[in-house]
Every structure is written in C-alpha cells, then in structure tokens.
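The residues making up each chain are set out below.
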Amino acid sequence: MASEDLLEAAVAGRRGTVVDGFTLGERLNAGGAGYVFRVTPAAGADPGFALVMKLPAVGPGEPLEGVVGFEMELMVLPALTGPHVPRIVASGDLRGVPHLVMEFVEGQPLMERVKAAPLALAEVARIGAAVADALQSVHAQQVVHHDLKPENIILRRDGTAVLIDFGFAHHARYPDLLAEERRFAAGSAPYVSPEQLRGLRGDPRSDLFSLGALLYELAVGELPYGIPATIAGMKDRLWRIPPPPRSVKPDLPPWLQEVILRCLEADLESRYQSAALVAFDLRNPDQVALTPRAQRLRAPGVLAQARRWWRARDPARLAALPPAPKPARVIMVAVDTSHPDDARHPAIRWYARQALSTTGEHRVMCVSVVRAPGLGEGPALGDTESGRHLHHLARLRHWAEPLGMPPERLSLHVVQSADPAATLVELAHRNHVDLVVLGAPAPGEKMLAWWRSVASGVTAGASCSVLVVRAPGEPDARPAT
Amino acid sequence: MPCQSMHNGFVLALLADIHGNLEALQACLAHARAAGARRYALLGDVVGYGADPAGVVDVAMGLAAGGAVVVKGNHDAAVGGDAGYLNHAASEAIAWTRTALSDAHRGFLAALPLERRDADAAYAHASLHQPARWEYIDGPAAAYRCMDAAAMPYAFCGHIHDPQLFFESGPGRAVAFRPTPGTEIPVPRHRRWVAIPGSVGQPRDGDTRAAYALVDFARERITFHRVAYDHLGVADKMERVGLPAALVHRMRRGV
C-alpha cells in the first residue's frame, strides 16, 4: 500500500491495518495532538509491555502545527529516559507513514482525578510531588515540556507520574522547530505560563507555572485563570494575581497556598527555581517558609492589580530576557549526632559551607541516622523514643547553626535505621539531592574493610555526587613499610 | 525505524577551514576515524594562515584520490591569483603560502571545483548560492539562499568559522541553531538543513579546539565535535616560520 493510503487507512482507524510491522487495534483518542491506537507487534518483536501507536493529524484541512509538533515529539521523546516518560519502541518520519510506537502507560489518567477535584490535601500533595518528580527528571535531561496539563499526565499504579505528549517540548541541545511558530507554541490556555505567551521557550520554570495551575485545580476545584478563550484573556496572567486558593477554599492550609502561589508567580525570579524544590516542599509541609502569599485571603485590590498591570506593560521589561534560573542545589549533610565531639564535625561543616558559598537558592538537608535503641546507644539520651528523637534533633540544630542558613532553606531530619547507607541513599534519591557530604570512616574504624563503611555504601549507591570528608591531620592509614 | 537510506551507510566527516594547520587536521581525522568515518568532505580553505600548507595539501590530495569531496575556498583561490580582497595579515600569509607549495600543490588547488553535489548533499566553501561570491552565511536569510540554491536536504559549507546549523522553518524562512559539541542531533531529510562544522585550523569562538562534524546519512544525524590538540605548539611553529603576529595570537587564544 502507498504510504498515503496506509496513513489514510490508519487514521480512519481501520483495524488490522499494519504500519511498520505493528497491527492497529482499538483507537484510544483523536484530538489536535493526533491519533492514538493500541497496537500489537509482529510475532517475536514483543517488548514485554503493551504498546500504542501515535499518528499525527496530517493531510488536507489539518493544521500544520500538528505536523511540526509531531516532528518535535519524534525528536525529543526517543532522547528521554527514565520512568517518567513512555518508552519508545519504534518510529517513522514524515517521508513515510509518520508514527511513534511507545509503551502504553498502565495507570490512571490524571484527567480522571481532576474530575473529582477538589481532592483531599494529602492526595493533592502526593500527586503534585509526583508530577514535580517527573518534571525534575525531564528538566535534568535539558527538556522543557511546555504543555503540562491533566490530559498529558498518567499516574502509574505505584504513584509515579508519567508525562506524555511532547509536541510543544523544547530540547536545549536540539534545534527548536517551534522557535518561530509563536502562534501555536504556547501550550494550553488554562495552564500556559506568561513567558510562553511572550514567545519565550526553553525555561524549565515555565513548567512550574503550569504545575501551579494544576495544583490550584486539584486543591480548589477551579482553574486560577479560568478558561480564557482569547489571547488577550490569556495575557491577563502577565500581571494579574489569581484569587488566592484560600479565598475559594478557606480550609486550605497556608503552606499549600504558599506553594501554589509561588509556582504561579508571573515573575520568573519570584517563582520556584526548580521542580525539585516544589517536590521537597510538597513532601515536607512543615518546612515550607511562609510569606505573605500564604496569608492572603482575598485577591489584591484594584489599585494593586492596576500597578502590576502597568508594570507588566513596561517595554523595557517586555524586551528583556528573563535571567536564567538561580542555581538551586540540594545538599544533604550526614551528621553523626551520636558522637557530637567527633573531630570530623568541623571539617564536614567547612566543606558543606564551601558547597553553599556560591550564590543561589541552595537548600541544605541535615540528616542524622540513628541506630535503633539497644544498638550501642547510651541511656543518657533519654529513655523514650520521642525523647531520643528530640535529643538528636537538638544536637543537629546546634550542628547546623554555624552554617547561618535561612530557616526556609534548612531542614533537619532524624531518621532511625539499622542500615544508614541505604537510608541516606534513599533520602538523597527521594529529595533530588545534588551533593551528599559525609564523613569518612573514623580512624578507629579503619580496620574495617572500606566497602563496609557508610561512606562507601553511599558513594556506591547514590546517583549524585558524594563528598567524603576526613578531619585534617588524620593518621595515614597505609600500612607501615 | 527511519526509512532505509538508499545511500551507503558510511559516516561522513565534514572538515572546513583547515587553513594549513596540519596538527589540527590530523587530530580531527584520527577522531573521525575512531568514530567510524569512512568518507570525507573538505569544505575549502585548505590553506592560508597556517604553517603547514604543503603537509595539509598532501593530506587533501590523498583524501581526494580516495574519493573525498574537496571544494575550493577563497584562500585556496588566492594562492593562484589575486589576493587583493584579503586583509593584510591574510594576504601576507598567502604570499608566504605560495612559496611553501610545490607546483603540484598549486595545480591541485587551482583545479578544485567551487561546488560539488553527490547523492546525499551539496558542498561549497561559502554558500551554494553563487559560490564564487564567497557570501558569508551569517544569518537565516543567507542560510535560506544557500539551502534554496542547494535544492537538496543537506548543504554543507564553511567560510564562517563558527559551528552553526540552520534549518528550514517555513516557506522562505530558516532558523539558526548553535550546536553543542558531542550531541547527536536528528536532521530528518524531509526538511532542508545547512550545516557549517566550524573551523578545523583556526577557530575564532574562544574555544581553541579544532571543530569538525560527522554526518550519519543512514540514521539522519549530525554531530558537531571539538577536538583538543597542541594548538600552542602550532602557534610557536607559525611564529618560527615568520607568519604575522596577529595570526599567531589568534591561534593561541582561539579568537
């Protein structure tokens, strides 16, 4: 069959049509983004998971943006890895039957959850953190999604969020085919960021604005800017502060309003600087630093909005490119609070301070992993579980004080575990930590095999950088010759 | 999977603006061979500026005998004729280059074509649009003129010393893209592209490493590379043979 006929048969949803060795089954949707069918691979080519094929809406009468978007997705999706994007199995470009064959993501489309909004607080935080994790993974691969909305998110059964539809995406190391297609490079009206409306692409913070709109919708049951039908209506968000979530839903806690409104800041510098920081705040509500944003119960008055409107029209501001995201690294320091006088403590603090000395919105997590009671812990630390915990927390706070970190960027964690290395690795992974600072085995432990130490376990297991600190003047461990 | 190419699957190395820098050329060729290159295209300005014109032309003649594409650059043309439109340092270097080349070398350069075409692409030193005018592809408009004149999916040029990739974004429009070294970039054949690999022998973007690119026609990918070599040794050699100080400085700093 000629490729045009094949494409026509495919788009018409003719079951049994074979494209690139895959047999079309049930059609799952049809929309601006194209057509999605379940497909079965040829015998012997089964990848071990269910598959779908995506075909762009091409042909007479179809808008060109569908084709360019499909081309962009064809470039970007195969370059992405990890659990937060569908796995790509096969593809064909625009000279034949353009198609993408990918994993059918088993799970619940977020669209279905949105219908039940407003959702319970814990669920909003859980879904929001999962989506922030997915964004962090994609952003770390230098890709901005640019069309984050419930239709493009699927929650796997284990709670992991998967992003689909990369037709508006921007890859920092690939040509941006949508660079000059301002008319339609803007994403979806209720979620699109103000800078995207100005034609700026490639800033990961744009996805955080969309995440804010999504969180607002999940928590409040309404969209922050409604569903604007016109470009002028969309451009409201260049200056207008949306009604605070608590004005619609008074029982919403201030910390969640803080997170949502910080995502929705029109000004890129006032917004969160990375998805990892949003995920962290959604998982650690007690650590969220509250600003006046958290307390707002009404939308700003007419005068304040007018001032913002005037400011947003400033030609100098409109012409200027927004500054790049401030570095926002998460640094995790493992502090042994069971041995507060250990000679390694000042050295660890010195290196932690070095890592923090560059400008940026760095965050420090101080973690003390304490062994379960009865494992060499003296009775001096109190008899009860909570007493022990508080005692370690106090020591941790005391340890961190000289760092001089503002409270909103410092968090203290006392964790009980029999396997400190595994616990530290897990914490680092879950919190998108960029650097772990921890002590080398103490001189007294040097007789132990290195591979049995916490430092070696974390170094081997972590996916980030690890700095292993020794106290100055420590005796040489090499055997005397 | 992408449609099977009707072309042979060999990877092509694009080498532009070698400018008599033998060490840079050898470093790029070694890098390209290790990366699987079996075909070569020399995109003009084989000589000029550098201290080893004879050595570089020898390599070019060897590659050409093996089937490589070699097109003529404005410095190659200047060796056999009027160098009046080159700046002072460049024409001084050309005068020296003439004395360093044999008749066979000069004959090879004089016989080079201004443009070449094969089943895969069109090649010229400056632009496929009126190649004898040495137009700089310094923006999307010039790039569009080049891709239009090429009338093929791929046009490969040099002349501007900075690595650039231009793509057709709509009727009469092209968009510029600055590639990241080492990134394999999809360049699907249903669009038109102009790739400028950057200069092997005299980079000017502040990065002293030699620039070149690899094209995988079967997979429709292009990768721009930067290769470190002893550029300071090359600058010393230029100084020893008496090439202008401005050119030596440029070599040391990559500016």
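Residues numbered from 1 in each chain as written. Chains lettered and ligands numbered in written order. Predicted model: local features only at pLDDT ≥ 70, side-chain atom pairs only at ≥ 80, totals over all residues.

### As for the overall build of chain A
Of the regular secondary structure elements, chain A holds 17 helices and 16 strands. Looking at chain A as a whole, 43% of its 481 residues are labelled buried. Pairs at least 24 apart in sequence give 70% of the contacts found in chain A among residues at least 6 apart. (Helix = DSSP H or I, 4+ residues; strand = E, 2+ residues; numbered from the N terminus. Buried ≥ 20, exposed ≤ 12 C-beta atoms within 10 Å, placed from the backbone. Contact = placed C-beta atoms within 7 Å.)

### Comments concerning the overall build of chain B
In terms of regular secondary structure, chain B is built from eight helices and 12 strands. Against the globule reference of 18 Å for 255 residues, chain B gives a C-alpha radius of gyration of 17 Å, in line with a compact fold. Of all 255 residues assigned to chain B, the portion counted as buried reaches 50%. Across chain B, the fraction of contacts at a sequence separation of at least 24, relative to all contacts at a separation of at least 6, is 72%. (Rg over C-alpha atoms; globule rule 2.2 N^0.38 Å.)

### Structural notes on the interface of chain A and chain B
Taken together, the contact between chain A and chain B spans 13 residues of the former and 16 residues of the latter. Among the residues making up the side of chain A that touches chain B, the classes are represented as seven nonpolar, two polar and four charged. (Nonpolar A, V, L, I, M, F, W, Y, C, P; charged D, E, K, R; others polar.)

### Some thoughts on the sheet that holds strand β7 (residues 108-109) of chain A
All names here are of chain A. Pairing is antiparallel across the open sheet formed by three strands, whose spatial order is β7-β9-β10. Strands with a single pairing partner mark the edges of an open sheet, and in this sheet they are β7 and β10 (161-163). Relative to β10, strand β9 (residues 153-155) is paired through three bridges, and the arrangement is antiparallel. The residue bridging Leu-155 from the neighbouring strand is Ala-161, located in β10. (Pairing = 2+ DSSP bridges.)

### Digging into the packing of helix α7 (residues 231-241) of chain B against helix α8 (residues 245-253) of chain B
Residues and elements named next belong to chain B. In contact at an axis separation of 8 Å, α7 and α8 are set at 175 degrees when each is read in the N-to-C sense. As far as their axial angle goes, α8 and α7 are roughly antiparallel. When α7 is examined against α8, the residues His-231, Leu-232, Val-234, Ala-235, Met-238 and Glu-239 are found in contact with a partner set consisting of Leu-247, Val-248, Met-251 and Arg-252. By residue class, the composition of the contact of α7 with α8 is seven nonpolar, one polar and two charged. (Axes fitted to C-alpha atoms, helices over the stretch in contact; angles between N-to-C directions. Parallel < 35°, antiparallel > 145°, perpendicular 65-115°, else oblique.)

### Considerations on the sheet that holds strand β15 (residues 435-439) of chain A
Pairing between the strands of a sheet comes from backbone hydrogen bonds, and it takes one of two forms, parallel or antiparallel. Residue and element names in this part refer to chain A. Here we have five strands laid out as an open sheet, ordered β14-β13-β12-β15-β16, and parallel in their pairing. On the outer flanks of this sheet lie β14 (410-416) and β16 (465-469), each paired with one strand and no other. Put simply, the sheet's adjacent strands are angled 20 degrees from each other on average, direction ignored. Here strand β12 (residues 330-334) runs beside strand β13 (residues 363-370); their pairing, made up of five bridges, is parallel. Its bridge partner lying in β13, Ala-334 is registered against Val-367. Along the sheet face, helix α16 (residues 420-430) touches β12, β13, β14 and β15 and points at about 155 degrees away from the line of β13. Here helix α17 (residues 454-461) sits on the sheet in contact with β15 and β16, set at roughly 165 degrees to β15.

### Re the confidence of the model for chain B
Residue and element names in this part refer to chain B. Averaged over chain B, the pLDDT score is 93; the fraction of residues at 70 or greater is 95%. Long-range and interchain partners of residues 1-7, a stretch whose pLDDT sits below 50, account for 12 contacts in this model, where long-range means more than four residues apart. Both confidence scores are given for the complex: pTM 0.85, ipTM 0.84. (pLDDT = per-residue confidence, 0-100.)

### Quick word on the packing of α16(A) against α17(A)
All names here are of chain A. At a closest axis distance of 8 Å, the pairing of α16 and α17 adopts a crossing angle of 35 degrees. Note that α16 runs across α17; the crossing there is right-handed. Along its contact with α16, which presents Pro-420, Ala-421, Ala-422, Leu-424 and Val-425, the element α17 presents Val-454, Gly-457, Val-458 and Gly-461. Of the residues that constitute the contact of α16 with α17, the class distribution is seven nonpolar, two polar and no charged. (Left-handed = near helix turned anticlockwise from the far one by under 90°.)

### Overview of unusual backbone geometry
Residues Ala117(A) and Pro118(A) are joined by a peptide bond in cis, for which omega reads 5 degrees. Counting through the fold element by element, Pro118(A) comes out in the loop between α3 (110-114) and α4 (121-140). Located in the positive-phi region is Tyr49(B), a residue other than glycine, with phi close to 75 degrees. Relative to the elements of secondary structure, Tyr49(B) occurs in the loop between β2 (37-42) and α2 (53-65). On the basis of neighbour count, Tyr49(B) is assigned to the buried category, with 28 C-beta atoms found within 10 Å.

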